[in-house]
Amino acid sequence: MITTTRTTLRLRALAAAALLCTGLAARAAELNLWVMNTTEQQQQDMRELLRPLLAANPGLRVNVTVLNWESAWAKITAAAASGQGPDVIELGTTWVPAIASMNALEPLSDAQQAEAGGAKAFFPVMWGTTRAQNDGKVVAIPWYADARAAFYRSDVFKQAGIEPRDAFANWGSFKQAMQKINGMEVNGRKIAALGYPGKNDWNVVHNLAPWIWNAGGDLLSADRQRSGINSTEAVQAIAYYTSFAAEGLVPASALEKDSGQIESGFFNGQYAVIFSGPWVLKQMATPKAKGGQLESLAARNFGIAPYPAGLKGHQTFFSGSDLAVMKSSKNKAEAWKLVAWLTGRDAQVLFSKMSGMLPTRLDAAADPQLMANPHYAQFMAQVKNGRHYPSIAGWGPLESVYLKNLGQMFDIVSGQKGKYSPLAIKQAMDAAAHEADQVLSASR
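What counts, and at which threshold
Residues numbered from 1 in each chain as written. Predicted model: local features only at pLDDT ≥ 70, side-chain atom pairs only at ≥ 80, totals over all residues. Heavy atoms only, no water. Phe/Tyr/Trp six-rings, centres within 6.5 Å; stacked < 30°, edge-to-face > 60°. Buried < 20%, exposed > 50% of the residue type's maximum accessible area, 1.4 Å probe, protein only. Lys NZ or Arg CZ within 6 Å of the ring centre and 35° of its normal. 1 Å grid on protein atoms, 1.4 Å probe; cavity = no way out; pocket = protein on both sides within 12 Å on 5 of 7 lines; lining within 4 Å. Points joined across faces, edges and corners; volume = space filled by probe spheres on them. Helix = DSSP H or I, 4+ residues; strand = E, 2+ residues; numbered from the N terminus. Nonpolar A, V, L, I, M, F, W, Y, C, P; charged D, E, K, R; others polar. Pairing = 2+ DSSP bridges. Axes fitted to C-alpha atoms, helices over the stretch in contact; angles between N-to-C directions. Contact = heavy atoms within 4.5 Å.

Asks: Would you take a moment to explain the packing of aromatic side chains for this structure?
Replies: Two aromatic rings, taken as a pair, are described by how far apart their centres are and by the angle between their planes. Under the definition given, this model contains 33 aromatic pairs. Here Tyr152 and Phe157 contribute two aromatic rings whose centre-to-centre distance is 5.0 Å and whose plane-to-plane angle is 55 degrees, an arrangement assigned as tilted. By relative accessible area, which is 10% here, Tyr152 ends up buried. Judged by its relative accessible area of 0%, Phe157 falls in the buried class. Across the ring face of Phe122, the terminal group of Arg361 is positioned such that the distance to the ring centre comes to 5.4 Å.

Asks: Any chance you could explain the layout of surface pockets here in plain terms?
Replies: Rolling a probe over the atoms, with the probe sized like a water molecule, indicates the empty space that remains. Taken as a whole, the largest pocket encloses approximately 1400 Å³ of empty space. Lining of the largest pocket is provided by 42 residues; of these, Asn37, Thr38, Trp69, Trp202 and Trp279 occupy positions nearest its centre. Within the residue set of the lining of the largest pocket, elements represented by two or more residues are α3 (69-82), β4 (141-147), α12 (259-267), α13 (279-285), β10 (316-325), α16 (345-355) and α20 (395-413). It is α20 that provides the largest number of residues to the lining of the largest pocket, a total of four residues. Residue composition of the lining of the largest pocket, by class: nine nonpolar, 21 polar and 12 charged. Here the second largest pocket is characterised by a volume of approximately 320 Å³. What lines the second largest pocket is a set of 14 residues, among which Lys282, Ala285, Ser352, Lys353 and Asn373 lie closest to the centre. Elements that contribute at least two residues to the lining of the second largest pocket include exactly α13, α16 and α18 (368-371). Examining the composition of the lining of the second largest pocket, we find that three residues originate from one element, α13, more than from any other. Its residues assigned to classes, the lining of the second largest pocket shows seven nonpolar, five polar and two charged.

Asks: Help me understand the sheet that holds strand β5 (residues 149-153) in this model?
Replies: The strands making up a sheet associate through backbone hydrogen bonding, with each pair oriented either parallel or antiparallel. Taken together, five strands build an open sheet; the order of strands is β6-β7-β8-β5-β9 and the sheet is mixed. Strands at the two margins of the open sheet, each flanked by one partner only, are β6 (184-186) and β9 (302-305). Averaged over neighbouring strand pairs, the angle between their axes works out to 35 degrees when direction is ignored. When strand β7 (residues 189-194) meets strand β8 (residues 271-276), the two strands line up parallel, connected through two bridges. Note on β8: the bridge partner recorded for Ala192 is Tyr271. Together, β5, β8 and β9 form the strand contacts of α12, whose direction differs from that of β8 by roughly 140 degrees.

Structural measurements only, silent on function.
The following block contains the structure:
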């Protein structure tokens, strides 16, 4: 009896010591987190976002590294290949399958998925980005979302006598509205109907995708084995989209700019319509003293509309970023806690306010504070028509091929390379499809 008691006490003491060591280890954990430059002051905003988590875990330290979107893909793939990456990593939703195929991401258990809310807690399109197609292993959790919609100058449309609902009804009515507005004098200054960037913008594929989808086309074949960018429907959409620039409804100067410069042009009265993301709402609600556009004429006179409907509807591009735990992490339990915190409701609402991006959680997206902004509510109404690219491992390099070829296509549109015509667009897309097929074949 005495021996049994002593044994029990010794076991309890060992268990207590183990728990203490575990607790000390947890309190002393140091995590490395890689995120993209999504806000104006990402480092400072991340400190604010993490403050409640760190306050509740005094020994936890999180080192934040901010990557530029332009160079992030190269750095992330290098980290995945070497096994020397951070504990937690932000991945653009189109990148998840590729990094997962490199065996670099820690699969998330059913219990972890349930802790995060599971599929039912998130927009279905976004939850679909958490794993590769035909792979049941979830390796990431949606963090924030990006969608696209039309921003238009309501005062310009009123001056032109155009009802926005009619203008954005379909491709025909949209072209007619742009022709009527183009060159109008507004407040003593001529305004261009439409602004969109050309080859110098890394969003070129995202900019074109909704038009291709709405024409009934796609960027891949139905079996995901070949490119679809040279299909009849895709070429029709690209020819329609580029016709605005060819006809002068988009100024030639716009084709030399990137998305940020086009947005600035909308703010300062150069364009009556642009297609962009939710961050524009934040810019127009932020005072100039803090880097915003609140005092601009555009901020006082704008509306939001869906993409004009093609033969197959008016879908929009809906993507964003996920968070994942790297397999190389030495602190996987703490890393998961970080992911669970950042993808939780409260953190998503706060980050949406900071960045202007959309929450991926349904409860966060419907937060009363966010929905109080009528323009935010308008924007969220477009998300129901959101669509994402197929979650295949080869999408990362495939998108690079499309980006390069579509950029070269804009040289045709601007007259720098050959003569613009629907046939020239078809030939350019045939070349793009040929190169894309090689990439897809290599990724299988």
